[in-house]
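Close look at the chain arrangement
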Amino acid sequence: MRGPKVPEYIRKLAVYVPGKPIEEVERELGVSDIVKLASNENPLGTSPKALVAIHRAMSAINRYPDGSGFALRKALAAHHGVDIEQTILGAGSVELIEMLARAFLADGDEAVYSQQSFVSYELAVEQVNGRAATPPATPGRAHDLPAMARAVNERTKLVYIANPCNPTGTYCTRSELSRFLDAVGDRVLVVLDQAYREYVQRPDYPDGLDDLKAGHNVIVLQTFSKIYGLAGMRIGYGVSSAEVVATLNRVRSPFNTSSLAQAAALGALHDGEWAARSREHNLRELAFLQRELERRGVRFTPSVTNFVLIELEGDVRELFLEFQKRGVIIRPVGGPGLDGCARVSVGTRPENERFLAALDQLVPAKSGA
């Protein structure tokens with residue numbers, strides 16, 4: 001390669017591979033009428049109030065957006081009962097994950113996250129030449145929080161906790177998280193990634209905002225990509241202490257969220273009816289999907305989210321292609337303890353039935369169990 005030498009840690013970076021777009025499968029395989037169950041999107045679509053807000057904001061897209069996102073941050077602060085200085089916007093929660101690594105990890109500094117967790121944590125840490133401690137998950141594929149607490153040392157600056165966890169669908173309980181926060185104290189900043197929190201209907205699920213208000217050194221990340229159906233807008237946010245937010249603003253790109261994304265999120269934030277409808281749909285279809293998997297004898301990790309991690313025998317990437325040929329896109333998952341696994345998003349009833357029909361064709365030995 002000509003020109004400046006690329007640092008070795010950059011050369012070793014893996015490229016994030018998103019769920020396959022419908023258009024790409026259509027081009028490659030000539031398949032139509034495709035069901036996409038790969039990216040945990042809302043199968044019902046987008047919040048109607050968000051769509052109205054987008055339409056109203058379109059006439060001003062010749063202007064740069066409000067770089068700080070004041071109106072949305074003010075609404076988020078009121079919604080969560082915090083000061084506006086405690087809020088920050090990101091192009092999805094992924095940008096905030098990366099901002100945190102840029103802001104807090106210098107060469108050789110460490111982050112801790114579960115071995116079976118969101119791949120963006122690994123990518124964010126490696127992009128700044130940081131180091132990672134990755135304790136294995138529990139046998140049930142949940143975060144092993146005691147092991148993660150033991151992994152914290154004098155070089156640890158961040159701990160990423162996906163709660164609920166992508167790709168496993170598991171979650172940490174209130175008592176588990178409280179014991180962890182007491183164990184690590186203020187030595188590290190704990191990143192509580194709650195991208196899927198709106199789907200959780202468990203009484204022992206802990207909202208990290210309660211821990212923030214109790215004085216713990218945490219930042220809570222949330223997104224409008226999932227239940228509000230704004231994945232294509234790329235808008236998420238973080239809530240933490242004013243000091244942490246001020247630090248993140250030093251590494252935040254100017255105008256990192258668009259005017260349309262800010263308007264859409266502001267509209268969606270007040271669309272409780274849409275969130276409730278989407279949540280009820282997901283609870284019903286998640287139960288149906290898991291019940292049908294169990295009936296077929298297909299092993300899966302019980303989920304509290306809008307997706308299910310399933311275990312398939314044989315070459316999961318070959319099966320991934322075979323699913324596509326049948327017009328169904330799922331997401332292969334790899335990594336320690338996840339060989340042979342795939343993630344399947346919860347769709348509409350017809351979409352879920354399309355997936356199950358393809359599964360019956362491709363894994364006949366498991367059918368009729």
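The following refers to the structure shown.

Analysis parameters
Residues numbered from 1 in each chain as written. Predicted model: local features only at pLDDT ≥ 70, side-chain atom pairs only at ≥ 80, totals over all residues. Heavy atoms only, no water. Disulfide = S-S within 2.5 Å. 1 Å grid on protein atoms, 1.4 Å probe; cavity = no way out; pocket = protein on both sides within 12 Å on 5 of 7 lines; lining within 4 Å. Points joined across faces, edges and corners; volume = space filled by probe spheres on them. Helix = DSSP H or I, 4+ residues; strand = E, 2+ residues; numbered from the N terminus. Nonpolar A, V, L, I, M, F, W, Y, C, P; charged D, E, K, R; others polar. Buried < 20%, exposed > 50% of the residue type's maximum accessible area, 1.4 Å probe, protein only. Pairing = 2+ DSSP bridges. Right-handed = clockwise from strand over helix to strand, strands pointing away. Axes fitted to C-alpha atoms, helices over the stretch in contact; angles between N-to-C directions.

**Comments concerning the state of the cysteines**
Inspection of the entire model under this criterion finds zero disulfides. Here C172 stays unpaired: no disulfide links it, and the sulfur of C165, its closest cysteine neighbor, is 8.1 Å away.

**What to know about the layout of surface pockets**
Taken as a whole, the second largest pocket holds about 160 Å³ of empty space. Lining the second largest pocket are 13 residues, with H143, L145, P146, E176 and R179 positioned closest to its centre. Of all the elements in the fold, those that place two or more residues in the lining of the second largest pocket are α7 (145-151) and α8 (174-184). Ranked by residues supplied to the lining of the second largest pocket, first place goes to α8 with four residues. Residue classes in the lining of the second largest pocket are distributed as seven nonpolar, three polar and three charged.

**With respect to the pairing of strand β7 (residues 218-223)**
Buried residues dominate β7, accounting for six of its six residues. Burial of β7 is two-sided: the residues V218, V220 and Q222 facing one way and the residues I219, L221 and T223 facing the other way are all buried. Relative to β7, strand β6 (residues 189-193) runs parallel, the two sharing four bridges. Looking across to β7, one finds that L192 is bridged to V220. In this fold, β6 hands off to helix α9 (residues 208-213), which returns the chain to β7; that crossover is right-handed.

**A look at the sheet that holds strand β3 (residues 110-113)**
The sheet built from seven strands is open, its strands ordered β2-β8-β7-β6-β5-β3-β4 with mixed pairing. Of all the strands in the sheet, the pair left with one neighbour each is β2 (87-90) and β4 (131-133). Each strand axis lies, on average, 25° off the axis of its neighbour in the sheet, ignoring direction. Here strand β5 (residues 156-162) pairs with β6 via five bridges, running parallel. Opposite L158, over in β6, you have L189 as the bridge partner.

**Digging into empty space enclosed by the protein**
To locate leftover empty space, one rolls a probe as large as a water molecule over the atoms. Under the defined criterion, the tally for this structure stands at one cavity of 30 Å³ or more. E41, N42, P43, Y199, S278, H281, N282, N306 and V346 together form the lining of the largest cavity.

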